[in-house]
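Each chain is listed here by its residues.
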Amino acid sequence: MTLERQAVRPPAQSRGAGPAGQPAAQALRRRSRREEILEIAVGLFATRGYHGVSMDDIGAAAGVTGPALYHHFAGKEAMLAAALIPVSEQLLAGGQARIAEAGEDPAVALAALVDFHVEFALANPAVIALHLHELDRLPDEPRRQIRRLQRLYVEEWVGTLTALWRGSLNDGEARVLAHAAFGLMNSTPFLGGEVDRERRAELLRAATLAALRG
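Below is a summary of the structure that appears in this document. Values in this document were obtained by computation on a predicted structure and should not be read as measured data.

Bringing the packing of helix 5 (residues 76-102) against helix 7 (residues 125-133) into the picture now. Where helix 5 meets helix 7, the closest approach of the two axes is 11 Å, and the angle between their N-to-C directions is 105°. Taken together, the axes of helix 5 and helix 7 lie roughly perpendicular to each other. Facing Leu-80, Ala-83, Leu-84, Val-87 and Ser-88 of helix 5, the residues of helix 7 in contact are Val-127, Leu-130 and His-131. A class-by-class count of the residues in the contact of helix 5 with helix 7 yields six nonpolar, two polar and no charged.

Note on placement: Glu-89 falls in helix 5. Take Glu-89: its relative accessible area is 32%, and that puts it in the partly exposed class. Separated by 61 residues in sequence, Glu-89 and Gln-150 have C-alpha atoms that sit 8.5 Å apart.

Two numbers describe how helix 6 (residues 106-123) lies on helix 10 (residues 197-213): the axes approach to 10 Å, and their chain directions differ by 140°. In terms of their interaxial angle, helix 6 and helix 10 are classed as oblique. Seen along the crossing, helix 6 lies across helix 10 with a hand that is right-handed. Residue-level contacts link Leu-110, Ala-111, Val-114, Asp-115, Val-118, Glu-119, Leu-122 and Ala-123 of helix 6 to Arg-197, Arg-200, Ala-201, Leu-204, Arg-205, Thr-208, Leu-209, Leu-212 and Arg-213 of helix 10.

Rules used in this analysis
Residues numbered from 1 in each chain as written. Predicted model: local features only at pLDDT ≥ 70, side-chain atom pairs only at ≥ 80, totals over all residues. Heavy atoms only, no water. Axes fitted to C-alpha atoms, helices over the stretch in contact; angles between N-to-C directions. Helix = DSSP H or I, 4+ residues; strand = E, 2+ residues; numbered from the N terminus. Parallel < 35°, antiparallel > 145°, perpendicular 65-115°, else oblique. Contact = heavy atoms within 4.5 Å. Nonpolar A, V, L, I, M, F, W, Y, C, P; charged D, E, K, R; others polar. Buried < 20%, exposed > 50% of the residue type's maximum accessible area, 1.4 Å probe, protein only. Left-handed = near helix turned anticlockwise from the far one by under 90°.

Interpretation note: all reported values are geometric properties and have no functional meaning in isolation.
Right, dumping it as structure tokens:
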């Protein structure tokens, strides 16, 4: 399995755009040491599996001693939660923003949702791998929080799909299509590098839209 190196970003931050009125240059702040350690931990979890990585492994890869590492994170579970909860929040907020920008046109909204999710999946294959394989390692409360955010994100897609299909698709059927689309777009951890990134994005967008538009 080939995983592209990815960065774990705070949920409110996205590709050079800061909050309203804030210059993009200011929004692209330097990552903290905690964020750098988390990025390394995510990469190790994704390639070796959660149980295949120890705190000592993470500390060695990050060049951080045990006490300093525990200053940032209480343990592996805390790292996993710190990686997955902001991502789920970011997906929900990003999906809602795309739908709002599309206005009353569900076709435009769907295309925007697909573009958004494909770009996210290509930029964050290691995080996708963690969601697919390691979510159940979390304690009950953070796992419930992530599941709730995921359900809310799915419902944004469901609303868009039912509007697009104009009553010929019920909510349950729309959820089936939404999850099938996620399967396509979230295939990025398993894609090799023989196709360049731009072409991969193009193929994933086209396949997803074809599946959803019927």
